[in-house]
Amino acid sequence: SPCRLRATRTERRVSRIMNDTLNKKSKDKEKAHSVRNYFFMLKLVFKVSPVLVVLMVVLDALMNLPWTLFNVVVLKYVIDVVTEGTDLYRIALVCVVFSVFVFVLNIINTSFYELNYHKQKQKLYHKIYSMIYEKAARMDISSYDDPKFYNDFVLAMNMMESRAETVIEDTQRLVTNFVSLTTI
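Residues numbered from 1 in each chain as written. Predicted model: local features only at pLDDT ≥ 70, side-chain atom pairs only at ≥ 80, totals over all residues. Heavy atoms only, no water.

A look at the packing of helix H3 (residues 89-138) against helix H4 (residues 147-183)
Orientation of H3 relative to H4, taken along the N-to-C sense of each, is 140°, at an axis distance of 11 Å. Between H3 and H4, the angle is such that the two are oblique. Two packed elements cross with a definite hand, and for H3 against H4 that hand is right-handed. Between H3, through Tyr113, Lys121, Leu124, Tyr125, Ile128, Tyr129, Ile132, Tyr133 and Ala136, and H4, the contact on the second element is made entirely by Phe153, Ala156, Met157, Met160, Glu161, Ala164, Glu165, Ile168 and Gln172. (Axes fitted to C-alpha atoms, helices over the stretch in contact; angles between N-to-C directions. Helix = DSSP H or I, 4+ residues; strand = E, 2+ residues; numbered from the N terminus. Parallel < 35°, antiparallel > 145°, perpendicular 65-115°, else oblique. Left-handed = near helix turned anticlockwise from the far one by under 90°. Contact = heavy atoms within 4.5 Å.)

Section: helix H2 (residues 50-84)
Residue pairs three or four apart in sequence face the same way in an α-helix, which turns once every 3.6 residues. Under the 1.5 Å per step criterion, the end-to-end length of H2 is 49 Å for 35 residues, consistent within 8% with the ideal 51 Å. Most pronounced at Phe70, the bend in H2 amounts to some 45°. Among the residues of H2, Leu52, Val53, Met56, Val57, Leu59, Ala61, Met63, Leu65, Pro66, Thr68, Val74 and Val81 are the ones counted as buried. Of the residues flanking the end of H2, it is Gly85, one or two places downstream, whose phi is positive at about 75°. (Expected span 1.5 Å × (residues − 1). Bend = angle between axes of the 7 residues up to and from the residue. Buried < 20%, exposed > 50% of the residue type's maximum accessible area, 1.4 Å probe, protein only.)

Points about the nonpolar core
Ranked by internal contacts, the top residues of the largest apolar core, which has 24 residues, are Met41, Val45, Leu52, Leu124, Ile128 and Ile168. For this core, the secondary structure elements donating two or more residues are helix H1 (2-48), H2, H3 and H4. Sort the elements by how many residues they give to this core and H3 lands first, with seven residues. Leaving out residues up to four positions away in the same chain, Ile128 has contacts with Met41, Leu44, Val45, Val48 and Met160. (Core = buried A, V, L, I, M, F, W, Y, C linked by side-chain atoms within 4.5 Å.)

Section: the pattern of salt bridges
Under the criterion given, the structure shown has four salt bridges. Residue Glu84 is joined to Arg90 by a salt bridge in which the shortest nitrogen-to-oxygen separation is 3.9 Å. Since its relative accessible area comes to 52%, Glu84 is described here as exposed. Glu165 is paired through a salt bridge with Lys121; the nearest N and O atoms lie 3.6 Å apart. Pair noted here: Glu165 is in helix H4 and Lys121 is in helix H3, with a separation of 44 residues, a long-range link. (Salt bridge = Lys/Arg side-chain N within 4 Å of Asp/Glu carboxyl O.)

Have a look at this one:
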């Protein structure tokens, strides 16, 4: 009957809307959970190796700063000097100063990565692995009989290094983009 057909369509629409709403709520929960996990891991990595996090984030922001400054400030300066018709010596001087600045930053960045990066990274991995092993040692032996616990433990061990690096890299990108936006 037409009434039954309308009711069925309406039921399907209501069901679809409810499913969409539930899926949206679960996606929102997943996003909130991801943000909490990100900050938990960032806090852990910073606690274990603050030198690594700070130097990587600061050096990355500094390495990108000259190019932002060049694209905005130096190009404006060059255009102003050319339109004024003044001495081109000023442009050469600015280019030399800029090149020296970039060269010094590259030396600092390379020095960090060659002298400290690998030591700090190994320190980070060692401490996080130690924390996982200590936690595992405190667990009740019957926990290892549970396949879910064992799978989660193995997954945590296998994914730890990539997760720590990803958190640092994401933080680098966030800070670098913020610095780029504020300097423009």
